Amino acid sequence: MAEVIVEIVGLMESDCGPFPCDETRSCGLETCYPSNRLMDAIGALRDELLAEYGDKVEVKMTLIDEEMPDYVREIIEERHPPIPIILVNGRLTSIGRVSLGLIKEEIDYALEES
């Protein structure tokens, strides 16, 4: 069972973040370039985190195109975060994009807490 669950909440056809994908790949992901698509970025993120953390980390995707879980609705109503929303063990982060380095920082913090 995973110690840390990274949940990416977004729309099926949305971008992986507010910035266009470019050659610098500041997000730290390479296999999804140059699509700039959320779905491709989640797959790339999952592969990178699996390689680094193994089964300690699970990447979960929640698409809100047709139905929005109550806990996501509450987060949006209370905090108005940008999409994609990045949750780590259910806690809203301030990341706002699929970024390997920033998400790894949150994972490491969560692993230290457990």
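Predicted model, so just to flag it, every value in this text is computed and none were measured.

Caption draft 1: The arrangement of the overall build of the chain in detail. Per the secondary structure count, the chain includes 3 helices and 4 strands. Helices and strands appear in the chain in the N-to-C order β-α-β-α-β-β-α. Against the 2.2 N^0.38 benchmark of 13 Å for 114 residues, the chain shows a C-alpha radius of gyration of 13 Å, consistent with a compact globule. Considering only C-alpha atoms, the chain reaches an extent of 35 × 35 × 20 Å along its principal axes. Across the chain, every contact between residues at least 6 apart in sequence was considered, and the portion connecting residues at least 24 apart equals 62%. Considering the chain, the positive charge centre built from 10 side chains and the negative charge centre built from 25 side chains are found 2 Å apart.

Caption draft 2: Region of interest: the pairing of strand 3 (residues 85–88). Both faces of strand 3 are covered, namely the face carrying Ile85 and Leu87 and the face carrying Ile86 and Val88. Here 4 bridges tie strand 1 (residues 4–10) to strand 3, and the two strands are oriented antiparallel to one another. Among the inter-strand pairings, glutamate 7 is bridged to a residue of strand 3, identified as leucine 87. Bridging between strand 3 and strand 4 (residues 91–92) involves 2 bridges; their strand directions are antiparallel. Counterpart to leucine 87 in the pairing with strand 4 is leucine 92. Hairpin connection between strand 3 and strand 4: a loop of 2 residues separates the two successive antiparallel strands, and asparagine 89 in this loop has a positive phi of roughly 50 degrees.

Caption draft 3: Focus on the packing of helix 1 (residues 38–53) against helix 3 (residues 100–113). For the pair helix 1 and helix 3, interaxial distance at closest approach is 11 Å and the crossing angle is 40 degrees. When the axis of helix 1 is compared with that of helix 3, the two are oblique. By crossing handedness, the relation of helix 1 to helix 3 is classed as right-handed. Contact residues: helix 1 offers Leu45, Glu48, Leu49, Glu52 and Tyr53, while helix 3 offers Leu100, Ile103, Lys104, Ile107, Asp108 and Leu111. In the contact of helix 1 with helix 3, the residues fall into 7 nonpolar, no polar and 4 charged.

Caption draft 4: Structural detail: the pattern of salt bridges. By the definition in use, this model includes 4 salt bridges. The partner of glutamate 52 in a salt bridge is lysine 104, and the shortest N-O contact between them spans 2.9 Å. Of this pair, glutamate 52 sits in helix 1 while lysine 104 sits in helix 3, and the two are 52 residues apart along the sequence. Close ionic contact of arginine 91 with glutamate 106 constitutes a salt bridge, the shortest N to O distance being 2.4 Å. On the criterion of sequence distance, the pair formed by arginine 91 in strand 4 and glutamate 106 in helix 3 is long-range, its members being 15 residues apart. Judged by relative accessible area, which is 35%, arginine 91 ranks as partly exposed.

Thresholds applied
Residues numbered from 1 in each chain as written. Predicted model: local features only at pLDDT ≥ 70, side-chain atom pairs only at ≥ 80, totals over all residues. Heavy atoms only, no water. Helix = DSSP H or I, 4+ residues; strand = E, 2+ residues; numbered from the N terminus. Rg over C-alpha atoms; globule rule 2.2 N^0.38 Å. Contact = heavy atoms within 4.5 Å. Lys, Arg positive; Asp, Glu negative; His and termini not counted. Charge placed at Lys NZ, Arg CZ, Asp CG, Glu CD. Buried < 20%, exposed > 50% of the residue type's maximum accessible area, 1.4 Å probe, protein only. Pairing = 2+ DSSP bridges. Axes fitted to C-alpha atoms, helices over the stretch in contact; angles between N-to-C directions. Parallel < 35°, antiparallel > 145°, perpendicular 65-115°, else oblique. Left-handed = near helix turned anticlockwise from the far one by under 90°. Nonpolar A, V, L, I, M, F, W, Y, C, P; charged D, E, K, R; others polar. Salt bridge = Lys/Arg side-chain N within 4 Å of Asp/Glu carboxyl O.

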